[in-house]
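Results of the structural survey
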Amino acid sequence: MSKAYVFTRHGGPEVEAFVEQAPPEPGPGQLLVAVRAAGVNPVDWKLRAGKRRPGSPPAAFPEVLGSEVAGVVERVGEGVEGFAVGDTVFGNPVTGGYAEHTLIPVSIAAHKPEGLTFTEAAALPVAAATAYDGVRQLGLPAGATLLITGVGGGVGVAAAQLARHFGIRVVGTASAGKKEFVESLGAIHVTPGPDLAERVRAAAPGGQVDAVFDLVGGDDVVAVAPLLTDRSKLITAAAKETIAELGGAPVARARTSEVLDAVARLAVDGVLRTEVSATYPLDRADEALRAVESGHARGKIVIEVSA
């Protein structure tokens, strides 16, 4: 049997539970992976609360939490090429990540480089890949200024580093307690809240912002949208409905092995630091999720699973 942390119906933390279940069977094009680490993301508690990804089927309870993992291949499904039993891999599972075993389709799996630990690799498939897709979508030239709302979280940290790597200046909103951390990323720190647009103008070089990468939604993105004359440079990973009303667009996620390989190379080369601020064992998965659900986590939270 395999241990997993699940939600038994839609709702709050009260619907979460640890269970013992048989490891899933790999289907065609899938890998059965013994999980060594699982990233924790806001989307995890949002799915528990009832949100569904576009095109995804209804939840089949109990549903295992988690959207990104790294581990060791134990079995391969029919038609799998390029992966073998014993390979170390990372990617986006289709049967959850807070578990001892999961399934990853080869289309969204990649080989873990030797230069990355399982914990570091597990922090890449959601946050870093979303940041990579978003920065590429904006297509800003070197010297442009990018505003990232919620820069202190997993996606924001990665987006700031990638933008700086491409020569883009970054202004980022985060709580006052994250100021030093945000500045360590090479970004200009701005606190959120009332009169945000005015503070961003005062902080941005020349008082100008060329694009906004929104990661918080709500009043903040509404406040800063008027800073842009070109709303095609307004994207979000947090508020699709609001962004549509403002004339922007959601981040266009690629969700491919090629993107995973790209962010892994950037991590190995030192361009992209995963900034894992805390790790938890699987039997404390509830605490790990609470840390992210509180909205105050810095960088990434990762669950580590014993071999």
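Computed from a predicted model, the values in this text were never measured in an experiment. Every chain is numbered on its own, with residues counted from 1 as its sequence reads. The predicted nature of this model means local features are confined to residues of pLDDT at least 70 and side-chain atom pairs, given and counted, to a pLDDT of 80 or more, with totals for whole chains, interfaces and linings taken over all residues. Only hydrogens and water are set aside when side-chain values are computed; all heavy atoms of the structure are taken into account.

**Side note on the sheet that holds strand β1 (residues 2-7)**
Cut-off, in case you're wondering: At least two bridges found by DSSP between two strands is the condition for calling them paired. Strands here mean DSSP runs of E at least two residues long; helices mean DSSP runs of H or I at least four residues long; both are numbered from the N terminus.
Strand order in the open sheet formed by three strands is β2-β1-β4, and the pairing between neighbours is antiparallel. The strands lining the two open edges of the sheet, one partner per strand, are β2 (16-21) and β4 (63-64). Examined bridge by bridge, β1 and β2 share six bridges and lie antiparallel to one another. Bridge pairing in β2 links Val 6 to Ala 17.

**Side note on the sheet that holds strand β9 (residues 145-149)**
To summarise the sheet geometry, strands pair through backbone hydrogen bonds and adopt either a parallel or an antiparallel arrangement. The test is simple: The contact definition used throughout considers only heavy atoms, calling two residues in contact when any of these lie within 4.5 Å. For helices, the fitted line uses only the C-alpha atoms of the stretch in contact; every axis is such a line through C-alpha atoms, and the angle between N-to-C directions lies from 0 to 180 degrees.
Ordered in space as β11-β10-β9-β12-β13-β14, the six strands form an open sheet in which the pairing is parallel. Across the chains shown, the open sheet's two edge strands, defined by having one partner strand only, are β11 (188-190) and β14 (249-250). Along the sheet face, helix α3 (residues 124-138) touches β9, β12 (211-214), β13 (234-236) and β14 and points at about 160° away from the line of β12.

**As for the packing of aromatic side chains**
In this description, an aromatic ring pair is defined by two values, namely the gap between the centres and the angle between the planes. The condition is simple: Paired rings are identified among Phe, Tyr and Trp, the last through its six-membered ring, by centres lying within 6.5 Å, and are further divided according to the angle between planes into stacked (under 30 degrees), edge-to-face (over 60) and tilted (the rest). Think of it as a cone above the ring: NZ of Lys or CZ of Arg counts as a charge over the ring if it is within 6 Å of the ring centre and within 35 degrees of the ring normal.
Applying the stated criterion to the full structure yields two aromatic pairs. Here Tyr 5 and Phe 18 contribute two aromatic rings whose centre-to-centre distance is 4.4 Å and whose plane-to-plane angle is 45°, an arrangement assigned as tilted. Of the two residues, Tyr 5 is situated in strand β1 and Phe 18 in strand β2; the sequence distance between them amounts to 13 residues. The ring of Phe 118 has Lys 112 lying over it, and the distance from NZ or CZ to the ring centre is 4.9 Å. When the ring centre of Phe 181 is taken as origin, the NZ or CZ atom of Arg 298, which lies over that ring, is 4.4 Å away.

**Observations concerning the packing of helix α1 (residues 42-49) against helix α10 (residues 285-293)**
Basically, it comes down to this: Any angle that is under 35 degrees is reported as roughly parallel, and any over 145 degrees as roughly antiparallel; angles of 65 to 115 degrees are reported as roughly perpendicular and all others as oblique.
Relative orientation of the contacting elements α1 and α10 amounts to 100°, with a least axis distance of 8 Å. With respect to α10, the axis of α1 lies roughly perpendicular. Where α1 abuts α10, its residues Pro 42, Asp 44, Trp 45 and Arg 48 lie against Leu 289, Arg 290, Val 292 and Glu 293.

**Here's the deal with a positive patch on the surface**
Stated formally: Residues form patches when they are more than 30% accessible in relative terms and have no salt bridge. Like charges link within 9 Å. Nonpolar side chains (Val, Leu, Ile, Met, Phe, Trp, Tyr) link within 5 Å. The accessible surface values rely on the Shrake-Rupley method and a 1.4 Å probe; as for residues, cover is taken only from the protein chains in view. Here, a salt bridge means any Lys or Arg side-chain nitrogen found within 4 Å of an Asp or Glu carboxyl oxygen. By the counting rule applied here, Lys and Arg register as positive and Asp and Glu as negative, while His and the ends of each chain are not counted. By convention, charge coordinates are those of NZ in Lys, CZ in Arg, CG in Asp, or CD in Glu.
Judged by side-chain charge, Lys 51, Arg 53, Lys 240 and Arg 255 come together as a positively charged surface patch. You can see Arg 255 is positioned in the loop between β14 and α9 (257-268).

**Focus on the pairing of strand β10 (residues 169-173)**
How we decide: A 1.4 Å probe rolled over the protein chains alone gives each residue an accessible area, and that area as a share of the maximum for its type sets the label: buried under 20%, exposed over 50%, partly exposed in between. Crossovers are marked right-handed if the path from the first strand over the helix to the second runs clockwise, as seen with the strands pointing away from the viewer.
The buried fraction of β10 is high, at four of five residues. For β9 and β10, the ladder comprises five bridges, and the chain directions are parallel. The residue of β10 that forms the bridge with Thr 145 is Arg 169. As for the winding sense of the linkage, the β-α-β connection from β9 through helix α4 (residues 154-165) to β10 is right-handed. In terms of strand pairing, β10 meets β11 through three bridges, oriented parallel.

**A closer look at the pattern of salt bridges**
Under the counting rule described, the total for this entry stands at 11 salt bridges. Between Arg 253 and Asp 133 there is a salt bridge whose closest N-O contact spans 2.8 Å. Within this pair, whereas Arg 253 is found in the loop between β14 and α9, its partner Asp 133 is found in helix α3, the two being separated by 120 residues in sequence. By relative accessible area, which is 22% here, Arg 253 ends up partly exposed. Its salt-bridge partner being Lys 179, residue Glu 183 comes within 2.6 Å of it at the nearest N-O pair. Residue Glu 183 and its partner Lys 179 are both found in helix α5 (residues 179-184); the two are separated by four residues, about one turn of the helix.

**What to know about the pairing of β1**
Along β1, five of the six residues are buried, which leaves the element largely enclosed by surrounding structure. With two bridges joining them, β1 and β4 adopt antiparallel strand pairing. Following the sheet pairing, Val 6 is matched in β4 by Val 64.

**Observations concerning the environment of Lys 3**
Turning to its location among the elements, Lys 3 is positioned in strand β1. Accessibility expressed as a relative area gives 23% for Lys 3, which makes it partly exposed. Sequence separation between Lys 3 and Val 19 is 16 residues, and the spatial gap between their C-alpha atoms is 5.8 Å. Those residues in contact with Lys 3, other than ones at most four positions away along the chain, are Phe 18, Val 19, Glu 20, Ala 99, Glu 100, Leu 282 and Asp 283.

**Description of the nonpolar core**
Selection criterion: The definition of a nonpolar core used throughout is a set of buried Ala, Val, Leu, Ile, Met, Phe, Trp, Tyr and Cys residues joined through side-chain atoms within 4.5 Å.
Counting residues in hydrophobic clusters, the biggest one holds 50 residues, and the most contacted among them are Phe 90, Leu 124, Leu 146, Ile 148, Phe 213 and Leu 272. Listing elements by their share of this core, those giving two or more residues are α2 (118-122), α3, β9, α4, α5, β12 and α9. A total of eight residues in this core trace back to one element, the largest contributor, which is α3.

**Quick word on unusual backbone geometry**
Cis peptide bonds are those with omega within 30 degrees of zero, and the linkage from Phe 61 to Pro 62 qualifies with -5°. When you line up the elements, Pro 62 lands in the loop between α1 and β4. Positive phi, close to 60°, is recorded for Asp 195, a residue that is not glycine. Among the structural elements, Asp 195 can be located in the loop between β11 and α6 (196-203). A positive phi angle is found at Arg 255, which is not glycine, with a value near 50°. Residue Arg 255 is classed as partly exposed on the basis of its relative accessible area of 45%.

Function cannot be inferred from these measures alone, as they are strictly geometric.
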